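Next come the chains, spelled out residue by residue.
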Amino acid sequence: NKDNSSNTGASNNVQRSKSFAFRAPQENFSIQDFELGKIYGVGSYSKVVRAKKKDTGMVYALKIMDKKFITKENKTAYVKLERIVLDQLEHPGVVRLYFTFQDTFSLCSSFNLLHCLTLFSLIYCEDMALESCEGGELFDQITRKGRLSEDEARFYAAEVVDSLEYIHNMGLIHRDIKPENLLLTTDGHIKIADFGSVKPMQNSQITVLPNASSDDKACTFVGTAAYVPPEVLNSSPATFGNDLWALGCTLYQMLSGTSPFKDASEWLIFQRIIARDIRFPNYFSEEARDLIDRLLDLDPSKRPGAGPDGYATLKMHPFFRGIDWSSLRAQTPPKLA
Ligand code: ATP
């Protein structure tokens, strides 16, 4: 089942700057400048809609924020941080933010009644125009295929590793890596999305505005239950190792069809995580089993990718034998289901 128990929380800290120029500008557009298409998905405080800009024909994924809800639930800082972080990231494996705009118009004049009703709650919006990922979520690919072959999983996992290396080098912890947040382009390459839980570390390359910081204390945990590492349940400070644990869970899910710590309730899931109760299906190769086992180490600093040699140990693991790391994005991805 799709685990939607996302509990977002962003963080404080890092470099602060008074004058800050966004790469992705805030434009003076309204929703009426776009031809709206299908709804890609619904998050806890936003809807993502396919939208073609009428004058240029460019297609975007508009992340339409439920501003009222965001204000009511005190999520403004998280939304601002997501925008600031996305604005400064530039990597083929990270969903790109093109521009933002503030929209206060009703959609009804240019749109049919059904869409109008669906989007009615979003009249007051602060929206993001993101790169459109037409291939949908990796989660849906796994669901459609039942499970992925090792070759397919190897390719996807390699693209995620390549993107995570970039994100970690920027001094950011994503904190919500899971198949739902790994989106596919039309040609089948992976992009990491949803930076609503991101945490910049002290030495981050990212500039965070003072009013974009937020407080973790109000949250019990950040991320999604099935992918949360044990140290987060023990209230340890966030580290890059958090994402590597989630990567281990995601790879397990690609190969088996379900997350390793699946259970009937969040509480039971947490018990299994703390007890590190992992059962590997017998069709996993020795290499896959070994990599997942290492990524799911109880000690976050021992997970491949978290050690002093950075990502070298992870990329050199036998599971990734045959992967050409320098040309990943030029390679032909697995066929979409
Ligand atoms: P939450 O905010 O609760 O963590 P979420 O990550 O699902 O949830 P959103 O970022 O609002 O929230 O995205 C909602 C859904 O829209 C996603 O699950 C995804 O399927 C889809 N989506 C998000 N961004 C894009 C994109 N750039 N291209 C295509 N679809 C997208």
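Preceding this section is the structure that the text describes.
Here we summarise the structure given alongside this text.

**Some thoughts on the packing of helix H5 (residues 150-169) against helix H7 (residues 241-256)**
When two helices pack together, their arrangement is given by the angle between the helix axes and the distance between those axes.
Logical step 1: Where H5 meets H7, the closest approach of the two axes is 10 Å, and the angle between their N-to-C directions is 165°. With respect to their mutual orientation, H5 and H7 come out roughly antiparallel. Taken as a pair, H5 and H7 cross one another with a handedness that is right-handed. Here H5 contributes Glu150, Ala153, Tyr156, Ala157, Val160, Val161, Leu164 and His168 to the contact with H7, which in turn contributes Asp243, Leu244, Leu247, Leu251, Met254 and Leu255.
Logical step 2: In terms of residue class, the contact of H5 with H7 is made up of eleven nonpolar, one polar and two charged.

**What about the pattern of salt bridges?**
Logical step 1: Under the criterion given, the structure shown has 18 salt bridges.
Logical step 2: Glu152 serves as the salt-bridge partner of Lys145, at 2.8 Å between the closest nitrogen and oxygen.
Logical step 3: What makes Lys145 partly exposed here is its relative accessible area of 28%.
Logical step 4: A cluster of three or more residues bridged by salt bridges with shared partners is formed by Asp263, Arg272, Asp277 and Arg279.

**Things to note about the pairing of strand S2 (residues 34-42)**
Note on strand geometry: in a regular strand, side chains alternate between the two faces of the sheet.
Logical step 1: Both S2 and strand S3 (residues 46-53) contribute to a ladder of six bridges, which runs antiparallel. Bridge pairing links Gly41 to Val48 in S3.

**Thoughts on the site of the ligand**
Logical step 1: Among the 19 residues in the neighbourhood of the ligand, the closest are listed as Ser44, Ser46, Lys63, Glu137 and Asp194.
Logical step 2: When isolated, the ligand has an accessible area of 600 Å², and the protein chains bury 90% of it.
Logical step 3: For the shell around the ligand, the elements supplying multiple residues, two or more each, are S2, S3, strand S4 (59-65) and strand S6 (125-131).
Logical step 4: For the shell around the ligand, the element with the highest residue contribution is S2, accounting for three residues.
Logical step 5: Classifying every residue of the shell around the ligand by side-chain character gives eight nonpolar, seven polar and four charged.

**Looking at unusual backbone geometry**
Logical step 1: Positive phi values are uncommon outside glycine, yet Asn74 reaches one of about 60°.
Logical step 2: Along the chain, the position of Asn74 falls in the loop between helix H1 (67-72) and helix H2 (76-88).
Logical step 3: At Arg276, a position not held by glycine, the phi torsion is positive, near 50°.
Logical step 4: Taking the relative accessible area as the measure of exposure, Arg276 reaches 25% and is therefore partly exposed.

**Re helix H8 (residues 266-274)**
Think of an α-helix as 3.6 residues a turn; residues three or four steps apart then line up on the same face.
Logical step 1: All of the buried residues along H8 are Ile269, Phe270, Arg272 and Ile273. Each buried residue of H8 lies within a common arc of 160° when the element is viewed along its axis, so the set occupies one face.
Logical step 2: Summarising the contacts, the buried residues of H8 are in contact with helix H6 (230-233) and H7.
Logical step 3: Positive backbone phi, approximately 50°, marks Arg276, located one or two places after H8.

**Focus: the side chain of Arg83**
Logical step 1: In this fold, Arg83 is placed in helix H2.
Logical step 2: Looking at Arg83, its side chain comes within polar contact range of the main-chain oxygen of Ala24, at 3.1 Å.
Logical step 3: With sequence-adjacent residues up to four places away left out, Arg83 is seen in contact with Phe22, Ala24, Pro25, Gln26, Leu97, Thr100 and Met128.

Parameters and conventions
- As a convention, each chain's residues are numbered from 1 in the sequence order in which they are written.
- Local features in this predicted model are restricted to residues whose pLDDT is 70 or higher, and side-chain atom pairs enter the listing and the counts only when it is 80 or higher, whereas totals over whole chains, interfaces and linings include all residues.
- Working from all heavy atoms in the structure, the side-chain values ignore hydrogens and water.
- Inter-axis angles, ranging from 0 to 180 degrees, are taken between N-to-C directions of lines fitted to C-alpha atoms, where helices are fitted over the stretch in contact.
- By the criteria applied, helices consist of DSSP H or I runs no shorter than four residues and strands consist of E runs no shorter than two, each listed in order from the N terminus.
- Roughly parallel refers to an angle under 35 degrees, roughly antiparallel to one over 145, roughly perpendicular to one between 65 and 115, and oblique to any angle outside these ranges.
- In a left-handed crossing the near helix is turned counterclockwise from the far helix by less than a right angle, and in a right-handed crossing that turn is clockwise.
- In this description, contact between two residues means that some pair of their heavy atoms is separated by no more than 4.5 Å.
- The classification used treats Ala, Val, Leu, Ile, Met, Phe, Trp, Tyr, Cys and Pro as nonpolar, Asp, Glu, Lys and Arg as charged, and all other residues, Gly among them, as polar.
- A carboxyl oxygen of Asp or Glu within 4 Å of a side-chain nitrogen of Lys or Arg is what we treat as a salt bridge.
- Burial classes follow relative accessibility: with a 1.4 Å probe on protein chains only, a residue under 20% of its type's maximum area counts as buried, one over 50% as exposed, and anything between as partly exposed.
- One bridge is not enough; two strands pair if DSSP finds at least two bridges between them.
- Nearness of a residue to a molecule or strand requires only that one of the residue's heavy atoms be within 4 Å of it.
- Reported accessibility uses the Shrake-Rupley method at a 1.4 Å probe radius. Residues are deemed covered only where the shown protein chains occlude them.
- The directions considered for the arc are those from the helix axis to the C-beta atoms.
- Any N or O atom pair separated by 3.5 Å or less is treated as a polar contact, with the protein-specific requirement of one donor-capable and one acceptor-capable atom, and with residues adjacent in sequence counted only for side-chain atom pairs.

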